[in-house]
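# Commentary on secondary and tertiary structure
Each chain, written out:
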Amino acid sequence: MATITTGVLLMRWPLLSALLMFMASTLHIQLRKTDYRGLAIVCTGLGIAAACWFATGLLGITLLDIARVWANIKTIMVDMAYQAPPQFPVM
């Protein structure tokens, strides 16, 4: 019984995000049929967000990891800008 409970607790977020992806896809199809294109685009965005949430959950990536990666990219870009020659074209 403890194994089933643990499995349900560990799988609740991936199951929820998979359900959100399915619902967003279904809503997208129904809204496109009824010519509500704006709401269909919103549902597509929600589906993409749920898919990203699902993938990061499976990979074990947290918001703290994403913040660290973003800070590292920012540091690298600033260092590259300082090391660029003055005549370096901006375009």
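The structure displayed is predicted, hence computed values, not measured ones. (Residues numbered from 1 in each chain as written. Predicted model: local features only at pLDDT ≥ 70, side-chain atom pairs only at ≥ 80, totals over all residues. Heavy atoms only, no water.)

Moving on, we get to the overall build of the protein. Helix and strand counts for the protein stand at three helices and zero strands. Along the protein, helices and strands appear, N-terminal first, in the series α-α-α. Across the 91 residues in the protein, those meeting the buried criterion constitute 9%. Carbon and sulfur atoms provide 75% of the accessible area of the protein, an area that totals close to 7900 Å². (Helix = DSSP H or I, 4+ residues; strand = E, 2+ residues; numbered from the N terminus. Buried < 20%, exposed > 50% of the residue type's maximum accessible area, 1.4 Å probe, protein only. Areas by Shrake-Rupley, 256 points an atom, 1.4 Å probe, with all protein chains shown as cover.)

Moving on: the layout of surface pockets. Estimated volume of the largest pocket: approximately 210 Å³. Along the wall of the largest pocket there are 11 residues; nearest its centre are Trp53, Phe54, Thr56, Gly57 and Ile61. Contributions of two or more residues to the lining of the largest pocket are made by helix H1 (2-33), helix H2 (37-59) and helix H3 (63-83). The element contributing the most residues to the lining of the largest pocket is H2, with four residues. Here the lining of the largest pocket is built from residues that sort into seven nonpolar, four polar and no charged. (1 Å grid on protein atoms, 1.4 Å probe; cavity = no way out; pocket = protein on both sides within 12 Å on 5 of 7 lines; lining within 4 Å. Points joined across faces, edges and corners; volume = space filled by probe spheres on them. Nonpolar A, V, L, I, M, F, W, Y, C, P; charged D, E, K, R; others polar.)

Here we come to a nonpolar patch on the surface. Judged by side-chain polarity, Leu16, Leu19, Leu20, Phe22, Met23 and Trp53 come together as a nonpolar surface patch covering roughly 570 Å² of accessible area. Per-element tally for the nonpolar patch: the top contributor is H1, with five residues. Looking at the secondary structure, you find leucine 19 in helix H1. (Patch = residues over 30% accessible without salt bridge, like charges linked within 9 Å, V, L, I, M, F, W, Y side chains within 5 Å. Salt bridge = Lys/Arg side-chain N within 4 Å of Asp/Glu carboxyl O.)

It is worth spelling out the environment of phenylalanine 22 at this point. Mapped onto the elements of the fold, phenylalanine 22 is located in helix H1. Separated by 29 residues in sequence, phenylalanine 22 and alanine 51 place their C-alpha atoms 9.9 Å apart.

What follows covers the environment of cysteine 43. Mapped onto the elements, cysteine 43 comes out in helix H2. With 17 residues separating them in the primary sequence, cysteine 43 and threonine 26 have C-alpha atoms 9.0 Å apart.

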